[in-house]
Amino acid sequence: MSDAAAAASRIAPPPEAVRREAADRLAGLATPAGALGRLGEAAVWWAAVQGQCPPSPPSNVRVVVFAGDHGVTAHGVSAYPSEITALMVHQFLSGGAGVAVLARLHGAELRVLDLGVDVEAGTFPAEVSSYKVRRGSGAIHVEDALTAEETLQALAAGASVAAEEIAAGADLLVAGDMGIGNTTPSAALIAATLGLGAEEVTGRGSGIDGDALMHKQTVVDEALVRAGERVTDPVDRLTALGSADLAAQVGFLAEAARRGVPVLLDGVISVACALVAEDYAPGSSAWFSAGHRSPEPAQSLALSKLGLEPLLDLGMRLGEGSGAVAAVPVVRSAAALLADVSLLADVLGDQGA
Ligand SMILES: O=C(O)c1ccc[n+]([C@@H]2O[C@H](COP(=O)([O-])O)[C@@H](O)[C@H]2O)c1
Ligand SMILES: Cc1cc2nc[nH]c2cc1C
């Protein structure tokens, strides 16, 4: 692509004039300079992505959980078996999953989609599986996760889902994940994107340690060696090292950014997808904010590369979009503070009057 074509296809950033107006307003609030800390930074980001200052708090938060199974799970990389993925999809539907509880509490809509769960057709209601790409994605250390066609299908599915959620009125989106084994492809995608080694990105996931952790690191290393030079291109990277559910999440994030709708990121899976989305659709990450910090080392590495500082750091490693939904009240607080705290000039003026 020529430089001009690349610039033309770059995602348009949030309006700089609004960002500056919000930064000026923050500096003028009746607080000591910088006293709101990251809440202040979040308020400026929120005003810019909402396109107005003062901003109003998010009022239509919509969470989409992308579910899928991963071939690596049969190779000893997780503390849990693949069967949990489908069982948890039922929990998202019945309201008993962690993110379902938080979504209810914070007034967010929750939708779960089966992109690649290893179950027979008809296991879930039709609307859950309408974007299904395949049953389980390939074990990335021995084979590609997807065919090239499946990657494009999953990217397009994610983009369609984003369009649907935006048509339903979303003013803040969350992309969540459900998939036993998915911290392995997420770590591999982050390593491949950042040019890091398996030992830097591999974490305990849902709870492995000792020999299992060393084995998971070997699996990530084998996957990176197997993929070789193909990882330079973001779509080929997803084909070799991703999965149907991760590719769909990349498509969802890129489309949300392209349509100018902000996204609150979650843990290592969500941030791996955001990192690939930034490569796939440059400029996307200006529309993203980091909901929380996960203990997975790859998540912090990817957040640093994206220049994002998480709002919460609670040691959460549930996934599902739960850390992002837990941060929704923080975004609401940030918006309300920037909109409703008095201006210091007015306070001083009142005193003088
Ligand atoms: O969000 C995170 O950072 C995170 C960290 C560790 C585990 N998880 C969740 O646990 C599952 C993946 O863990 P694992 O060990 O099976 O790869 C998957 O369903 C994720 O939602 C999520
Ligand atoms: C029970 C359970 C719930 C989850 N939610 C996201 N990942 C998960 C992994 C397990 C094991």
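Starting afresh in each chain, residues are numbered from 1 along the sequence in its written order. Chain letters start at A and ligand numbers start at 1, both assigned in the order the entries are written. Only residues with pLDDT of at least 70 are given local features in this predicted model, and only at 80 or more are side-chain atom pairs given and counted; all residues enter the totals for whole chains, interfaces and linings.

A. Summary view of the overall build of the chain. Runs of H or I in DSSP of at least four residues are treated as helices and runs of E of at least two as strands, each being numbered from the N terminus. Assigned secondary structure in the chain consists of 16 helices and 5 strands. Note on method: radius of gyration uses C-alpha positions; expected globular size equals 2.2 Å times residues raised to 0.38. Relative to the globule expectation of 20 Å for 353 residues, the C-alpha radius of gyration of the chain, 20 Å, shows essentially globular dimensions. The C-alpha extent of the chain, read off along each of the three principal axes, is 75 × 50 × 40 Å. Exposure criterion: with C-beta atoms placed from backbone coordinates, a residue whose C-beta has 20 or more other C-beta atoms within 10 Å is buried, one with 12 or fewer is exposed, and one in between is partly exposed. Taken across its 353 residues, the chain has 54% of its residues classed as buried. Each residue gets a C-beta atom placed from its backbone, and two residues are in contact if those atoms lie within 7 Å. Considering only contacts in the chain between residues 6 or more positions apart, those separated by 24 or more positions represent 77%.

B. Fine view of the site of ligand 2. As a matter of local geometry, ligand 2 sits amid Tyr80, Ile84, Met88, Met178, Ser206, Leu318, Gly319 and Glu320. Partitioning the shell around ligand 2 into residue classes produces 5 nonpolar, 2 polar and 1 charged. As used in this record, a residue near a molecule or strand is one whose C-beta atom, placed from the backbone, is within 6 Å of it. Classification convention: Asp, Glu, Lys, Arg as charged; Ala, Val, Leu, Ile, Met, Phe, Trp, Tyr, Cys, Pro as nonpolar; all other residues, Gly among them, as polar.

C. Here's a closer look at the packing of helix H12 (residues 268-280) against helix H13 (residues 297-306). The interhelical angle for the contact between H12 and H13, taken along N-to-C directions, is 35 degrees, at an axis separation of 9 Å. Taken as a pair, H12 and H13 cross one another with a handedness that is left-handed. Residues Val268, Val271, Ala272, Ala274, Leu275 and Glu278 of H12 form the contact with H13, whose participating residues are Ala298, Gln299, Ala302, Leu303, Lys305 and Leu306. Here the contact of H12 with H13 is built from residues that sort into 9 nonpolar, 1 polar and 2 charged. Fitting a line to C-alpha atoms yields each axis, with helices limited to the stretch in contact; the angle taken between N-to-C directions then spans 0 to 180 degrees. A clockwise turn of the near helix away from the far one marks a right-handed crossing, whereas an anticlockwise turn of less than a right angle marks a left-handed crossing.

D. Geometry of the site of ligand 1. In the neighbourhood of ligand 1, 23 residues make up the surrounding shell, with Ser78, Gly205, Gly267, Ser294 and Gly319 lying closest. In terms of residue class, the shell around ligand 1 is built from 6 nonpolar, 12 polar and 5 charged.

E. Representation of unusual backbone geometry within the structure. Put simply, Cys53 and Pro54 share a cis peptide bond, and its omega is 0 degrees. Assignment of secondary structure puts Pro54 in the loop between helix H3 (37-50) and strand E1 (61-68). The phi dihedral of Glu320 falls on the positive side, at around 70 degrees, and the residue is not glycine. Within the secondary structure layout, Glu320 lies in the loop between H13 and helix H14 (322-326).

F. Quick look at the confidence of the model for the chain. For every residue, the predictor assigns a confidence score, pLDDT, that lies between 0 and 100. On average, residues of the chain score 97 in pLDDT, and 97% of them reach the 70 mark or higher. Quick note on the complex model: pTM equals 0.97, ipTM equals 0.99.

G. Focus on the nonpolar core. In these notes, a nonpolar core means any group of buried Ala, Val, Leu, Ile, Met, Phe, Trp, Tyr and Cys residues linked to one another through C-beta atoms within 7 Å. Counting residues in hydrophobic clusters, the biggest one holds 112 residues, and the most contacted among them are Val250, Leu253 and Ala272. Apart from residues lying up to four places away in sequence, Ala272 is in contact with Ser186, Leu189, Ile190, Leu246, Ala298 and Ala302.

H. Looking closely at the sheet that holds E1. Strand pairing requires that DSSP identify at least two bridges connecting the strands. Within the open sheet, the 5 strands sit side by side as E2-E1-E3-E4-E5. Their pairing is parallel. Bordering the open sheet on either side are strand E2 (109-116) and strand E5 (288-290), each of which pairs with just one other strand. Averaged over all pairs of adjacent strands, the angle between their axes in this sheet comes to 30 degrees, without regard to strand direction. Note that strand E3 (residues 172-178) and strand E4 (residues 263-265) share 2 bridges and pair parallel. Following the sheet pairing, Leu173 is matched in E4 by Val263.

I. Representation of the environment of Gly176 in the model. Its place among the elements puts Gly176 in strand E3. You can call Gly176 buried: it has 30 C-beta atoms within 10 Å. Beyond its immediate chain neighbours, meaning those up to four positions away, Gly176 contacts Val63, Val64, Val65, Val99, Asp266, Gly319, Glu320 and Gly321.

J. Spatial organisation of the environment of Ala254. As for its position among the elements, Ala254 is in helix H11 (residues 244-258). For Ala254, a count of 28 C-beta atoms within 10 Å corresponds to the buried category. Put simply, Ala254 and Ile11 are 243 residues apart on the chain and 8.6 Å apart in space, counted from C-alpha to C-alpha. Other than its neighbours up to four places away in sequence, Ala254 contacts Ala277, Tyr280, Ala281 and Ser284.

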